[in-house]
Amino acid sequence: NGLNSAITKCPSAAEKTRLHFILGQLYQQSNVLDSARSHYSQALKASAPFEISFNARLNRAISGGGDKLSRDLKKMLKDAKNAGYKDQVYYAMAEVEFNENDEQEAIYFLHQSAFYSTTNTRQKGMAYERLADLSFSKRNYVPAQKYYDSCAQVITDAYPNAETIRNKANNLAALVRAVEISQREDSLQRIALMDEKSREKFLKDVIKQTKEEEARR
């Protein structure tokens, strides 16, 4: 109520824009999403600083609002002035897909966010952490450890939960080594039990698959 009153009394258009953005954040944190979207929309004025207008568009889409706002994020990817911020746009697109229960698409966008985070190590860390938490929640400990480790390598001590992330990466490392050794031993034993013709075909298929994966990478 105090901020709404301040907006009404504020003579400065720039200050009103900032107050609308702050209110949008507060409503979003309180999960009052209709009000959040309304204030983010009002923060998108022609005179708004780039940082406010950029983040207002991201947060407005994350707060819901259907396909129209989702398409707005895709337009942001094509806008030349956002070229250096694709990592943040892709992360927002991932959040939208999580809200829509499309986990596979969300995971794809998180990978894109990490890929385009060339200088913004915090954003890269956020993408890796989200991927790690998702894998860990499903007890997929091998990819979880690798994502936590990737996150630990790029974040600084100022990153929230930095120590927790590093501990998870280290604690899971021994488990991952044991799992990978076990899987390798199982594979070797299966190969050893094959007849010569089947073994030769299997190895050719492995080589072909390896070359295809290398070409894709």
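Above this text is the structure in question.
In this report, the structure presented in the accompanying data block is examined. (Residues numbered from 1 in each chain as written. Predicted model: local features only at pLDDT ≥ 70, side-chain atom pairs only at ≥ 80, totals over all residues. Heavy atoms only, no water.)

## A closer look at the environment of I191
No. 1: Summarising the element assignment, I191 is placed in helix α10 (residues 162-192).
No. 2: Along the sequence, I191 and K124 sit 67 residues apart, while their C-alpha atoms lie 39 Å from each other.
No. 3: Contacts of I191, omitting those with residues within four sequence positions, involve R199 and F202. (Helix = DSSP H or I, 4+ residues; strand = E, 2+ residues; numbered from the N terminus. Contact = heavy atoms within 4.5 Å.)

## Some words on a negative patch on the surface
No. 1: A cluster of acidic residues, D67, E100, D102 and E105, forms a negative patch on the protein surface.
No. 2: By secondary structure assignment, the location of D67 is in helix α5 (residues 67-78). (Patch = residues over 30% accessible without salt bridge, like charges linked within 9 Å, V, L, I, M, F, W, Y side chains within 5 Å. Areas by Shrake-Rupley, 256 points an atom, 1.4 Å probe, with all protein chains shown as cover. Salt bridge = Lys/Arg side-chain N within 4 Å of Asp/Glu carboxyl O. Lys, Arg positive; Asp, Glu negative; His and termini not counted. Charge placed at Lys NZ, Arg CZ, Asp CG, Glu CD.)

## Overview of the packing of aromatic side chains
No. 1: For the structure on display, the rule yields eleven aromatic pairs.
No. 2: Relative to Y85, the ring of F54 has its centre 5.3 Å away and its plane inclined at 50°; by these criteria the two rings are tilted. Taken as a pair, F54 in helix α4 (residues 50-62) and Y85 in the loop between α5 and α6 (86-99) lie far apart in primary sequence, 31 residues in all.
No. 3: On the basis of relative accessible area, Y85 is assigned to the partly exposed category, the value being 32%.
No. 4: When the centroid spacing of 5.5 Å and the interplanar angle of 15° are considered together, the rings of Y90 and Y116 count as stacked. Taken together, the residues Y90 in helix α6 and Y116 in helix α7 (residues 103-116) connect sequence positions 26 residues apart. (Phe/Tyr/Trp six-rings, centres within 6.5 Å; stacked < 30°, edge-to-face > 60°. Buried < 20%, exposed > 50% of the residue type's maximum accessible area, 1.4 Å probe, protein only.)

## Things to note about the environment of L110
No. 1: Checked against the element boundaries, L110 lands in helix α7.
No. 2: Look at L110 and you get buried, because its relative accessible area is 1%.
No. 3: Each C-alpha atom, one on L110 and one on E51, is 22 Å from the other, the two residues being 59 residues apart in sequence.
No. 4: Not counting chain neighbours up to four residues away, the residues in contact with L110 comprise Y91, A94, F98, A127, R130 and L131.

## What about α6?
No. 1: For α6, spanning 14 residues, the distance from its first C-alpha to its last is 20 Å, which sits close to the expected 20 Å at 1.5 Å a residue.
No. 2: For α6, a buried count of twelve out of 14 residues is recorded, marking the element as mostly surrounded by other parts of the structure.
No. 3: Taken as a whole, α6 has its buried residues at D87, Q88, V89, Y90, Y91, A92, M93, A94, E95, V96, E97 and F98.
No. 4: The elements touched by buried residues of α6 are α4, α5, α7 and α8 (121-137).
No. 5: A positive backbone phi angle near 65° is found at N101, which sits one or two residues after α6. (Expected span 1.5 Å × (residues − 1).)

## Observations concerning a positive patch on the surface
No. 1: Residues K68, R71, K74, K75 and K78 make up a contiguous surface patch of positive charge.
No. 2: In this structure, K68 sits in helix α5.
No. 3: What makes K68 exposed here is its relative accessible area of 65%.

## Thoughts on the pattern of salt bridges
No. 1: Scanning the entire structure with this criterion turns up nine salt bridges.
No. 2: For R166, the salt bridge goes to D157, with nearest N and O atoms at 2.7 Å.
No. 3: Two residues, K201 and D205, come together in a salt bridge whose shortest N-O distance is 3.0 Å. Of this pair, K201 and D205 both sit in helix α11 (residues 196-216), separated by four residues, roughly a single helical turn.
No. 4: Since its relative accessible area comes to 54%, K201 is described here as exposed.
No. 5: Each of the salt bridges in this network shares a partner with another, and the network as a whole consists of R57, R60 and D72.

## Things to note about the nonpolar core
No. 1: In terms of nonpolar packing, the biggest core is built from 36 residues, with L58, L73, V89, M93, Y148 and I165 touching the most fellow members.
No. 2: Of all the secondary structure elements, the ones that give two or more residues to this core are α4, α5, α6, α7, α8, α9 (141-154) and α10.
No. 3: Among the elements that take part in this core, α6 stands out by supplying eight residues, more than any other.
No. 4: Ranked by size, the runner-up nonpolar core spans six residues in total, among them F21, A36, A43 and I52. (Core = buried A, V, L, I, M, F, W, Y, C linked by side-chain atoms within 4.5 Å.)

## A closer look at the packing of α5 against α6
Packed helices, taken two at a time, are described by the angle between their axes plus the distance between the axes.
No. 1: Contact geometry of α5 with α6 gives a least axis separation of 10 Å together with a crossing angle of 160°. The angle between α5 and α6 places the two elements in the roughly antiparallel class. In this structure, α5 meets α6 at a crossing whose hand is left-handed. Contact residues: S70, L73, K74, M76 and L77 in α5; K86, V89, Y90, A92, M93 and V96 in α6.
No. 2: Its residues assigned to classes, the contact of α5 with α6 comprises eight nonpolar, one polar and two charged. (Axes fitted to C-alpha atoms, helices over the stretch in contact; angles between N-to-C directions. Parallel < 35°, antiparallel > 145°, perpendicular 65-115°, else oblique. Left-handed = near helix turned anticlockwise from the far one by under 90°. Nonpolar A, V, L, I, M, F, W, Y, C, P; charged D, E, K, R; others polar.)

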